[in-house]
Amino acid sequence: AQSVTQLGSHVSVSEGALVLLRCNYSSSVPPYLFWYVQYPNQGLQLLLKYTSAATLVKGINGFEAEFKKSETSFHLTKPSAHMSDAAEYFCAVSDPGANSKLTFGKGITLSVRP
Amino acid sequence: DGGITQSPKYLFRKEGQNVTLSCEQNLNHDAMYWYRQDPGQGLRLIYYSQIVNDFQKGDIAEGYSVSREKKESFPLTVTSAQKNPTAFYLCASSVQGTNDEQFFGPGTRLTVL
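What you see is a predicted model; the values in this text were computed from it and never measured.

A. Seen up close, the packing of aromatic side chains. Applying the stated criterion to the full structure yields 15 aromatic pairs over all chains. Judged by centre distance (5.5 Å) and plane angle (45 degrees), the rings of Phe63 of chain A and Tyr89 of chain A are tilted. Remark: Tyr89 of chain A occurs in strand E10 (residues 87-94) and Phe63 of chain A occurs in the loop between strand E7 (56-58) and strand E8 (64-68); sequence separation between them is 26 residues. Under the relative-accessibility criterion, Tyr89 of chain A is labelled buried at 1%. By way of ring pairs, the aromatic residues Phe34, Tyr36, Phe90 and Phe104 of chain A together with Tyr33, Tyr35, Tyr48 and Phe104 of chain B are connected into one cluster. Above the ring of Phe74 of chain B, the side-chain terminus of Arg68 of chain B is found at 6.0 Å from the ring centroid.

As structure tokens, then:
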């Protein structure tokens, strides 16, 4: 069964600093991987998606993630944090099968200090 | 504008009452999903449907029921059998299967008093 581990529940950075949110996955086959963002009391919005086309995936709002098979990781980064990046971030994994389910990590809350 | 609507935004019910949460999409997506979100728990799948008149249980289906009579609608009923129904409920849809991007509605916060 597939699973996702997001280490830590809360990350705090200063405005302009590097953002690094970690995600490790477990899957029996090469997976599809997703990062979603959720602002308070709202639904989730897709940041980026990995589907085996390229290991470095660029998303919206300046975010990107790198798929590392040897480390079973898909960490999310942004070179310079902005106040508007404060939100909850979810990593998710699915096996590329017809009836596979999307499994979410527990989420990481990102705070950005002025 | 295309998207997913959920109503109401906030819902209060007395313990022991059934309640139905609405989810409508005009994206012409085949697949629809219901998730439950609790603080620190991430999203957990309740039910999903990949085609009209067919749906499957997710990881936490006990105490919930759904129907999929129309492509654009996927209502969720929280029954009195659900032990701890207070939560934030999210509906999503995708073109077909879960390998496609899922589009989420704004959510319904259910509080059972």
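B. Quick peek at the nonpolar core. Formed by 26 residues in total, the largest nonpolar core has its most connected members in Trp35, Leu47, Leu48, Phe74, Leu76 and Tyr89 of chain A. Only strand E3 (19-21), strand E5 (32-38), strand E6 (44-50), E8, strand E9 (73-78), E10 and strand E12 (108-113) of chain A provide two or more residues apiece to this core. If you tally residues by element for this core, the top one is E10 of chain A, at four residues. Not counting the four nearest positions on each side in its chain, Tyr89 of chain A is found in contact with Gln6, Leu21, Trp35, Tyr36, Val37, Leu47, Phe63, Leu76, Gly107, Ile108 and Leu110 of chain A. Counting residues in hydrophobic clusters, the runner-up holds 20 residues, among them Phe74, Leu76, Val78 and Cys91 of chain B.

C. Representation of the interface of chain B and chain A in the model. Each partner contributes residues to the interface: chain B has 22 residues there, and chain A has 24 residues. In total, chain B and chain A occlude about 1800 Å² of area from one another, counting both sides; carbon and sulfur atoms represent 45% of this. At the junction of chain B and chain A, the tally comes to zero salt bridges. Taken together, the connections running from chain B to chain A amount to four residue pairs in polar contact (both at pLDDT 80 or more).

Cut-offs used in this document
- Residues numbered from 1 in each chain as written.
- Chains lettered and ligands numbered in written order.
- Predicted model: local features only at pLDDT ≥ 70, side-chain atom pairs only at ≥ 80, totals over all residues.
- Heavy atoms only, no water.
- Phe/Tyr/Trp six-rings, centres within 6.5 Å; stacked < 30°, edge-to-face > 60°.
- Helix = DSSP H or I, 4+ residues; strand = E, 2+ residues; numbered from the N terminus.
- Buried < 20%, exposed > 50% of the residue type's maximum accessible area, 1.4 Å probe, protein only.
- Lys NZ or Arg CZ within 6 Å of the ring centre and 35° of its normal.
- Core = buried A, V, L, I, M, F, W, Y, C linked by side-chain atoms within 4.5 Å.
- Contact = heavy atoms within 4.5 Å.
- Buried area = accessible area lost by both parts, 1.4 Å probe.
- Salt bridge = Lys/Arg side-chain N within 4 Å of Asp/Glu carboxyl O.
- Polar contact = N/O pair within 3.5 Å; in protein donor to acceptor, adjacent residues only side chain to side chain.

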